[in-house]
Amino acid sequence: MTISRRNLLLAGAATGGALLSSGCESSTSSKPAGPPRRGGTLRVGAIGRASAIVRDPHGVQANDSDYLILSLLYDTLTIPAKSPLTAPRLATRWSHDGSLRRWRFELDRHARFHDGSPVTSEDVVWSLRRLRESESGASRLPGIEAKDITADGPHTVVVDSGYPDSQVPLLMRLTTFVMKKGTKKPEDAPGTGPFKLDWFHDGNARLVRNEHWYGGKVWLDAVEVTMFESPASMVNAALSGQLDLASNVGTVAARSGQGRSGFKIVRRPDDMALPLVMRTSDGPFADSRVREALRLAVDRKEMVSHALGGYGTVANDVLGTGDPEYDHHIPQRTRNLAKARSLLKQADFDLSKSHKLLTSEDVPGLAESATLLARQIKEAGVELDVVKQDSGTFLGESRGKAPLYTSYWGTNDSVIFCAGKLLVSDSTMNEANWQDEKFDDAYRKAVGTAGSGRHEDHVREVQRMQHDSSGYLLWGMADGVDLAKDKVNGLPRLPGYGRVQLENTWLSSS
């Protein structure tokens, strides 16, 4: 089976217009933007902290500002799309050998680094191996060992998976940023992306158009990225005229910017999952009846209305809500305090004790959700003490280890991707330490049967099992929210990694 850039462009042609005109944008202006025009500098604000700056493309970017900058400078092999979920970038086409174990990626022969040198398979192999050998490499490229990434000629990369895996092309769309083979100083490495680095200082940067980008026409002359430590300060900067775009600012932007003349709000559905994580292997929430009780104690509509200000949707304890294969037939879990109390009694849960609910302010709405969850769950008899932690403590000491905490995940357009990253027993990011051999088996069958009649059945089973017994209480999905001036056009509408692709963005003259 082969997927090519031409096939995907043809597949998407019928829906492209609908995506651009979808009801995800509100503005006080009704003036049409007109055809795209070249020129101008887009001034973008993005959230970040000076202590967390990461300039290595293969590092873990906790800052939105770093993620944005790197995504404009470096290209990945594939990128997110609406349907199908994966589209070409550095790779123009890909195919598998029928077993879904061996994948071949054909590189765009026009691709060049910013210094003018051609992109070869050796560069890609070196980059993917470096990524795989990084601290988070096992979670980014699960099932793939560094030695199993090889070159077959100057323009073909071969990736061998340890098991049949239909998701390999999707894995290549995340942070598989390509650098030149043998790069010693990644912060100075030339990329292949639509913009080149002009300067970088203390988390802020100016990027200029790559006139020779192989991917097509780039409209903006430059992008200036300014790092802000809080959404409120970023919104204030936008409303005072210092920014053209407050990127991924959350519900703060929606509340502050709604109805403001000259501004529009861009919403990206299914952008961020904000689950409550309950540790399943030991501790007070190991009993599945207790976990079910907490799920039943939550008023999901109130959570979306108050914690997200209405900028989100109710979820049903299954990750990957934006996936076309998401199973909407699973009955929606709703609040049932009587049943919650009954389950707690059956489990002999000690209601005299209080339990810490750990959270952080890493993403908008996270800490607010913890406070509201604690209030709702208390009505079932469980006392939770909300403890806010700084980002370093939360990520280093609590996430993946504590009995109960709030979490957050982007890239929610694939049920199977989320399952493989967070729920299978051997995942390095198994936050709830959930071990279920039957779930693991269902997952392997789902990823190993693409194109067969049984694939849909296995994907549904993965979702049903997650809904019934995992360690996640996923009450809602937060919209991605940008606050932009009316003159900013062509902003991305996709969640996750798709939101940082600004090559099609342009500025009108007004």
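Keep in mind the model is a prediction, meaning the values are calculated, not measured.

The subject of this paragraph is helix H11 (residues 366–378). Under the 1.5 Å per step criterion, the end-to-end length of H11 is 19 Å for 13 residues, consistent within 8% with the ideal 18 Å. Buried within H11 we find Leu366, Ala367, Ser369, Ala370, Leu372, Leu373, Ala374, Gln376 and Ile377. Summarising the contacts, the buried residues of H11 are in contact with strand E15 (276–278), helix H8 (288–297), helix H9 (300–307), strand E17 (354–359), strand E18 (383–388) and strand E19 (404–406).

As a further point, take the packing of H8 against helix H10 (residues 337–346). The geometry of H8 relative to H10 is characterised by a closest axis approach of 8 Å and an angle of 160° between their N-to-C directions. The angle between the axes of H8 and H10 places the two elements in the roughly antiparallel class. Every pair of crossing elements has a handedness; the one defined by H8 and H10 is left-handed. Facing Arg289, Val290, Glu292, Ala293, Leu296 and Ala297 of H8, the residues of H10 in contact are Leu337, Lys339, Ala340, Leu343, Leu344 and Gln346. Across the contact of H8 with H10, the residue classes break down as 8 nonpolar, 1 polar and 3 charged.

The next subject is the side chain of Asp327. Mapped onto the elements of the fold, Asp327 is located in the loop between strand E16 (312–314) and H10. It is Arg460 that comes nearest to the buried, bridge-free Asp327 among opposite-charge side chains, at 5.0 Å. A polar contact of 2.9 Å, which involves the side chain of Asp327, links it to the backbone nitrogen of His329. If sequence neighbours within four positions are ignored, Asp327 has contacts with Arg460 and Gln463.

What the rule picks out here adds up to 3 cavities of 30 Å³ or more. By volume, the largest cavity amounts to about 130 Å³. What lines the largest cavity is a set of 14 residues, and nearest its centre among them are Gly250, Met272, Pro364, Ala478 and Asp479. By residue class, the composition of the lining of the largest cavity is 8 nonpolar, 4 polar and 2 charged. Looking at the second largest cavity, its volume works out to about 60 Å³. In this structure, the second largest cavity is lined by Ser139, Pro142, Asp165, Gln167, Leu171, Ile416, Phe417, Gly420, Lys421 and Tyr443. The element that contributes the greatest number of residues to the lining of the second largest cavity is helix H13 (residues 415–422), accounting for 4 residues. Taken together, the residues of the lining of the second largest cavity break down into 5 nonpolar, 3 polar and 2 charged.

Moving on: the packing of aromatic side chains. The description of an aromatic ring pair uses the distance of the two centres, along with the angle that the planes make with each other. Overall, the coordinates contain 6 aromatic pairs when judged by the stated rule. With 6.4 Å between their ring centres and 35° between their planes, Trp94 and Phe105 make a pair best called tilted. You can see Trp94 sitting in strand E6 (residues 91–96) and its partner Phe105 sitting in strand E7 (residues 102–107), a full 11 residues away along the chain. The exposure class assigned to Trp94 is buried, which follows from its relative accessible area of 4%. The class of Phe105 is buried, set by a relative accessible area of 0%. Seen from the ring of Phe200, Arg55 lies directly overhead, with NZ or CZ sitting 4.0 Å from the centre. Sitting over the face of the ring of Tyr408, Arg399 holds its NZ or CZ atom 4.4 Å from the ring centroid.

Core analysis: the biggest nonpolar cluster contains 131 residues, and Met172, Leu274, Leu294, Val462 and Trp475 have the highest contact counts within it. In this view, Trp475 contacts Leu274, Val298, Arg300, Met303, Val304, Ala307, Leu308, Thr313, Val314, Ala315, Ser369 and Leu373; residues no more than four positions away in its chain are not counted. Residues Met234, Val235, Ala253 and Ile265 belong to the second largest nonpolar core, which totals 16 residues.

Okay, helix H12 (residues 391–398) next. Residues Ser391, Phe394 and Ser398 constitute the buried set of H12. The arc enclosing the buried residues of H12, seen along the axis, measures out at 105°, which places them on a common side. The backbone nitrogen of Gly392 lies 3.1 Å from a side-chain oxygen of the residue at the head of H12, namely Asp390. One or two steps after H12, the chain reaches Gly400, where phi turns positive at roughly 90°.

As enumerated under the stated definition, the model contains 41 salt bridges in all. Residue Asp244 pairs with Arg43 through a salt bridge whose shortest N-O separation is 3.0 Å. Of this pair, Asp244 sits in the loop between helix H6 (231–239) and strand E13 (245–246) while Arg43 sits in strand E3 (residues 41–47), placing them 201 residues apart in sequence. Measuring nitrogen to oxygen at the nearest pair gives 3.7 Å for the salt bridge that ties Lys181 to Glu122. Of this pair, Lys181 sits in the loop between helix H5 (168–171) and strand E10 (195–201) while Glu122 sits in helix H3 (residues 121–132), placing them 59 residues apart in sequence.

The rules behind these values
Residues numbered from 1 in each chain as written. Predicted model: local features only at pLDDT ≥ 70, side-chain atom pairs only at ≥ 80, totals over all residues. Heavy atoms only, no water. Helix = DSSP H or I, 4+ residues; strand = E, 2+ residues; numbered from the N terminus. Expected span 1.5 Å × (residues − 1). Buried < 20%, exposed > 50% of the residue type's maximum accessible area, 1.4 Å probe, protein only. Contact = heavy atoms within 4.5 Å. Axes fitted to C-alpha atoms, helices over the stretch in contact; angles between N-to-C directions. Parallel < 35°, antiparallel > 145°, perpendicular 65-115°, else oblique. Left-handed = near helix turned anticlockwise from the far one by under 90°. Nonpolar A, V, L, I, M, F, W, Y, C, P; charged D, E, K, R; others polar. Lys, Arg positive; Asp, Glu negative; His and termini not counted. Salt bridge = Lys/Arg side-chain N within 4 Å of Asp/Glu carboxyl O. Polar contact = N/O pair within 3.5 Å; in protein donor to acceptor, adjacent residues only side chain to side chain. 1 Å grid on protein atoms, 1.4 Å probe; cavity = no way out; pocket = protein on both sides within 12 Å on 5 of 7 lines; lining within 4 Å. Points joined across faces, edges and corners; volume = space filled by probe spheres on them. Phe/Tyr/Trp six-rings, centres within 6.5 Å; stacked < 30°, edge-to-face > 60°. Lys NZ or Arg CZ within 6 Å of the ring centre and 35° of its normal. Core = buried A, V, L, I, M, F, W, Y, C linked by side-chain atoms within 4.5 Å. Arc of directions from axis to C-beta.

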